[in-house]
Protein chains: 2
Amino acid sequence: MPAQNKPSRIEKWLLQEIYRAAGQPAVQLRLRNGAEVSPRSALAVAKIVIQDRKTLLRLLLDPEAEFGDAYSDGRITLEGDLVSALEVLYRSLPEAEHQRWYVKLVSKCMDYVQRNSLRGSRRNIHRHYDLNTDFYRLWLDPQLVYTCAYYLSPGATLEEAQAAKLDYVCRKVQLQPGERVVEAGCGWGALALHMAKNYGVTVRAFNISREQILFARGRAKELGLSQRVEFLEDDYRNISGECDAFVSVGMLEHVGREHYGALGSIIDSSLAKTGRGLLHFIGRNHPLPFSTWTRKRIFPGAYAPALGEVMQVFEPWDLSVLDVENLRPHYARTLEDWLARFEKSEQEISRMFGLEFTRAWRLYLAGAVAGFHAGTLQLFQIVFARTACQQIPWTRAHLYTKEQQENPETKWMHATS
Amino acid sequence: MPAQNKPSRIEKWLLQEIYRAAGQPAVQLRLRNGAEVSPRSALAVAKIVIQDRKTLLRLLLDPEAEFGDAYSDGRITLEGDLVSALEVLYRSLPEAEHQRWYVKLVSKCMDYVQRNSLRGSRRNIHRHYDLNTDFYRLWLDPQLVYTCAYYLSPGATLEEAQAAKLDYVCRKVQLQPGERVVEAGCGWGALALHMAKNYGVTVRAFNISREQILFARGRAKELGLSQRVEFLEDDYRNISGECDAFVSVGMLEHVGREHYGALGSIIDSSLAKTGRGLLHFIGRNHPLPFSTWTRKRIFPGAYAPALGEVMQVFEPWDLSVLDVENLRPHYARTLEDWLARFEKSEQEISRMFGLEFTRAWRLYLAGAVAGFHAGTLQLFQIVFARTACQQIPWTRAHLYTKEQQENPETKWMHATS
């Protein structure tokens, strides 16, 4: 569309329609040829410029998917802060937008194509996690922990916060020397190695990303922990043998809601009679699929469940939920740290994968920051246990009192006194 | 049945059947005329003596209801510790026992007869809570807090633990001076008064037990808090007006699972845009009705939900669950304290309501101790908030660090930075 073309009536109308459908957010919406809509009562936090008419039409059909693709390939540009703009959009976007017939149809088709069968999961995981460890090294912490960190204070660094998270998880499940841990979905192995090194446990850690497993085995060797930590390239559905603690950090998003029963069954069949465990995952306030764009370009087959949905993992097996913590502000903070590092390595990433990839991943990271700020995304840590578990602390104070952290002899609840 | 009658074959068979159906618990089961069954491998923790054949037959049909009634009127007696016997029974009783056609039918009928309509709830609540304040004074703490206490250490007294619980609830919802609180189901008013006195808030507290409301108003007057705490004799479904915090401790058990949507809707319509709240209730690991005996004799219309069911309160209204804590060991401990005081006042209680009442209530209290020990009952505290709530602490440390308790200036999460 040459700049000299004056905006037509229909273009103006389409722009208005898109703005209205987005819930009249505090952003300025503009067609390259000059047509524009501005917020009436609020100041615009950013200006979104649409470069051609085709994009305008497609935005009406599936706004989130088209916004993502058009932002990635430059058909949409943005003046102002991306995170703030997305946050404003998430807050204003009416829920009904996810329920359009076209979006629902695409979403259903995607559910099928990206289904998390044994083979499908391998394919889905491969697409994201096998990209290239050097790429993730550019913007994750040196231990390559690719899940929500835990900032003891808002001023903590990413490195400190990831180390604090690993330890927080261990203390939440009350690991004791000599115990057997199963980790389902172990990423690059940081948690499994932390457990073995600092808590004297043995760990069998499962993952279907070959890149990650190879890297994790290398690190275990370097740290002299190969005897204590076994990294298995296998699906969580193939876990066998007994464990005292079952831990999974950031895998549930890739399980798919139709498989929560299967995950629960695996936990039930592997967890000792007095065992306990922890699940850490991105969740929602209520059931809602990921945007079709996120599933198409970033996380194939992913789903962030509401707590009510996750209970299918526990309820059929009489597992007690002991503690649920929502760490939403910590994931917003973690993602801000990742995004800042990502921006610093922008040129290198573009050399690796091209400009479109860089823009797509920037959008994914910025969108996640905005989602955790706006509350469309949550981060849950659930501690659970068998009813016969003896290692239930009397209160949660041991997680926070420094003396007790250094002296892990906490008071246990003796369920069977 | 005179003692000289020898046990018949059919009596012996019936006794075996009951024992088998109960999952062969570590108790001795005995008919008064001498027939008996003993555990094969374990030592019996108690001896249960059935006084007549009619009771034996009825036990086969609806074991829990008949055990309760027969224990109450003396047709079943018990030698040994009642709590231990019930704990052993709860652990051995196969879940299938609750699913017998006869029990299910009785349960369904009860659901209807004891339904929690506006009128039905008044009737149900009246039967338990309007009994007589002097009766509850005999075995509760002086503040008459009739919900799970919070024992900072296992050696704390009931008085200390109830005071700690009241304060723990206030700190969990981060009350600020001048805020408006709604309490749904306020018992004898201890929490509402604690909030107004120690946190400078105003409270509107709802309850449909007239006895409790009258008592609570009296206490507010004594404490000079009548201007800050309003006790309303009304149903939670009639709550109107806006509040900054919505708190309900021990009411959800009386709401009934078909009304969780209604409760959520009331929370949604009364909670300010940045509000938050707390729900405290007896729950389960998975959906299961209360025994028909408990509903017939102790808590008409009551239901303890699984977490998955409770999510109906939050999910339709986009409320974020921030924190779930399972205080199961604390309720076992609370009930032990209540039961010990109850036993001390046994004669006075029997003079008030008769021996059958005393035995029924002893069974209810002992059964609850056993249920929380065995894990058939759980106690959940859920903190929730609007997504726009600003008062989300950065970590939960402020609940446990003494300095921070004395200086409530905790670090807030600023959702909208």
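Please read all numbers here as calculations on a predicted model, not as lab measurements.

Let's talk about the environment of Ser226 of chain A
All names here are of chain A.
Here is step 1 of the chain: Secondary-structure assignment places Ser226 in the loop between helix 10 (210-222) and strand 7 (229-233).
Here is step 2 of the chain: Residue Ser226 is classed as partly exposed on the basis of its 15 C-beta neighbours within 10 Å.
Here is step 3 of the chain: Expressed as a C-alpha distance, the spacing of Ser226 and Leu144, which sit 82 residues apart in the sequence, is 19 Å.
Here is step 4 of the chain: Each residue touching Ser226, except ones within four places of it in the same chain, is listed here: Ala220 and Lys221.

Details of the domain arrangement of chain A
Residue and element names in this part refer to chain A.
Here is step 1 of the chain: Assigned domains of chain A: these are domain 1 (9-99) and domain 2 (118-413).
Here is step 2 of the chain: Relative to domain 2, the C-alpha centre of domain 1 lies at a distance of 34 Å.
Here is step 3 of the chain: In this complex, domain 1 contributes 15 residues to the contact, which on the side of domain 2 involves 18 residues.
Here is step 4 of the chain: Listed by contribution, the elements that provide at least two residues to the side of domain 1 that touches domain 2 are helix 3 (63-73) and helix 4 (82-92).
Here is step 5 of the chain: Taken together, the residues of the side of domain 1 that touches domain 2 break down into six nonpolar, three polar and six charged.

Some points on unusual backbone geometry
Here is step 1 of the chain: Of note in the backbone geometry, Gln174 of chain A takes a positive phi value of approximately 55 degrees without being a glycine.
Here is step 2 of the chain: Counting through the fold element by element, Gln174 of chain A comes out in the loop between helix 8 (158-172) and strand 5 (180-184).
Here is step 3 of the chain: In this structure, Asp318 of chain B takes a positive phi of about 60 degrees despite not being glycine.
Here is step 4 of the chain: Looking at where Asp318 of chain B falls in the secondary structure, it is placed in the loop between helix 13 (307-314) and strand 10 (320-326).
Here is step 5 of the chain: Residue classification places Asp318 of chain B among the partly exposed positions, given that 15 C-beta atoms sit within 10 Å.

Quick look at the sheet that holds strand 3 (residues 46-50) of chain A
Across a sheet, strands are paired by hydrogen bonds formed along the backbone, either parallel or antiparallel in direction.
Residue and element names in this part refer to chain A.
Here is step 1 of the chain: Taken in spatial order, the four strands line up as 2-1-3-4 in an open sheet, and their pairing is mixed. Since the sheet does not close on itself, it has two edges, and those belong to strand 2 (36-37) and strand 4 (76-80), each with one partner.
Here is step 2 of the chain: Each of strand 1 (28-31) and strand 2 is contacted by helix 1 (residues 9-21), which is oriented at about 150 degrees to strand 1, the strand it contacts most.

Overview of the packing of helix 13 (residues 307-314) of chain A against helix 13 of chain B
Each pair of packed helices can be described by the angle between their axes along with the distance between the axes.
Here is step 1 of the chain: For the pair helix 13 of chain A and helix 13 of chain B, interaxial distance at closest approach is 8 Å and the crossing angle is 180 degrees. Comparing the axis directions of helix 13 of chain A and helix 13 of chain B gives the class roughly antiparallel. Here helix 13 of chain A contributes Leu307, Gly308 and Met311 of chain A to the contact with helix 13 of chain B, which in turn contributes Leu307, Gly308 and Met311 of chain B.
Here is step 2 of the chain: Grouping the amino acids of the contact of helix 13 of chain A with helix 13 of chain B by side-chain chemistry returns four nonpolar, two polar and no charged.

Comments concerning the interface of chain A and chain B
Here is step 1 of the chain: Tallying the contact residues gives 35 residues for chain A and 35 residues for chain B.
Here is step 2 of the chain: Counting residues per element, the ones that place at least two in the side of chain A that touches chain B are helix 13, strand 10 (320-326) and helix 16 (355-374) of chain A.
Here is step 3 of the chain: A total of seven residues in the side of chain A that touches chain B trace back to one element, the largest contributor, which is strand 10 of chain A.
Here is step 4 of the chain: When grouped by side-chain class, the residues that make up the side of chain A that touches chain B number 18 nonpolar, 11 polar and six charged.
Here is step 5 of the chain: Of the strand pairs in this sheet, strand 10 of chain A and strand 10 of chain B are connected by three bridges, and their pairing is antiparallel. By the bridge assignment for strand 10 of chain B, Glu325 of chain A is matched with Asp323 of chain B.

What to know about the relation of the copies chain A and chain B
Here is step 1 of the chain: Mapping chain A onto chain B leaves a residual RMSD of 0.0 Å; the transformation is a rotation of 180 degrees accompanied by 0.0 Å of translation along its axis. Taken together, the rotation and translation describe the operation of a two-fold axis.
Here is step 2 of the chain: Looking at the interface residues of chain A, 100% of them are also at the interface in chain B, so both copies use one shared face.

Description of the nonpolar core
Here is step 1 of the chain: Among the nonpolar cores identified, the biggest contains 247 residues, and Met195 and Val369 of chain A together with Met195 and Val369 of chain B are the most heavily contacted of them.
Here is step 2 of the chain: Apart from residues lying up to four places away in sequence, Val369 of chain A is in contact with Val83, Ala332, Leu335, Glu336 and Leu339 of chain A.

Quick look at the pairing of strand 10 of chain B
Residues and elements named next belong to chain B.
Here is step 1 of the chain: Counting buried positions along strand 10 yields seven of seven residues, so the element is predominantly enclosed.
Here is step 2 of the chain: Both strand 10 and strand 11 (residues 378-385) contribute to a ladder of six bridges, which runs antiparallel. Each bridged residue has a counterpart across the sheet, and for Asp323 the counterpart in strand 11 is Val383.

Some points on the sheet that holds strand 2 (residues 36-37) of chain B
Residues and elements named next belong to chain B.
Here is step 1 of the chain: Pairing is mixed in the open sheet, where four strands are placed in the order 2-1-3-4. Looking along the sheet, the strands with just one partner apiece sit at the ends: strand 2 and strand 4 (76-80).
Here is step 2 of the chain: Sheet topology places strand 3 (residues 46-50) next to strand 4; five bridges connect them, and they run antiparallel. Opposite Ile50, over in strand 4, you have Ile76 as the bridge partner.
Here is step 3 of the chain: Strands in contact with helix 4 (residues 82-92) are strand 3 and strand 4; relative to strand 4, the strand with the most contacts, it is inclined by about 105 degrees.

Basis of the calculations
- Residues numbered from 1 in each chain as written.
- Chains lettered and ligands numbered in written order.
- Predicted model: local features only at pLDDT ≥ 70, side-chain atom pairs only at ≥ 80, totals over all residues.
- Helix = DSSP H or I, 4+ residues; strand = E, 2+ residues; numbered from the N terminus.
- Buried ≥ 20, exposed ≤ 12 C-beta atoms within 10 Å, placed from the backbone.
- Contact = placed C-beta atoms within 7 Å.
- Domains from an automatic or database assignment.
- Nonpolar A, V, L, I, M, F, W, Y, C, P; charged D, E, K, R; others polar.
- Pairing = 2+ DSSP bridges.
- Axes fitted to C-alpha atoms, helices over the stretch in contact; angles between N-to-C directions.
- Parallel < 35°, antiparallel > 145°, perpendicular 65-115°, else oblique.
- Least-squares fit on C-alpha atoms with pLDDT ≥ 70 in both.
- Core = buried A, V, L, I, M, F, W, Y, C linked by C-beta atoms within 7 Å.

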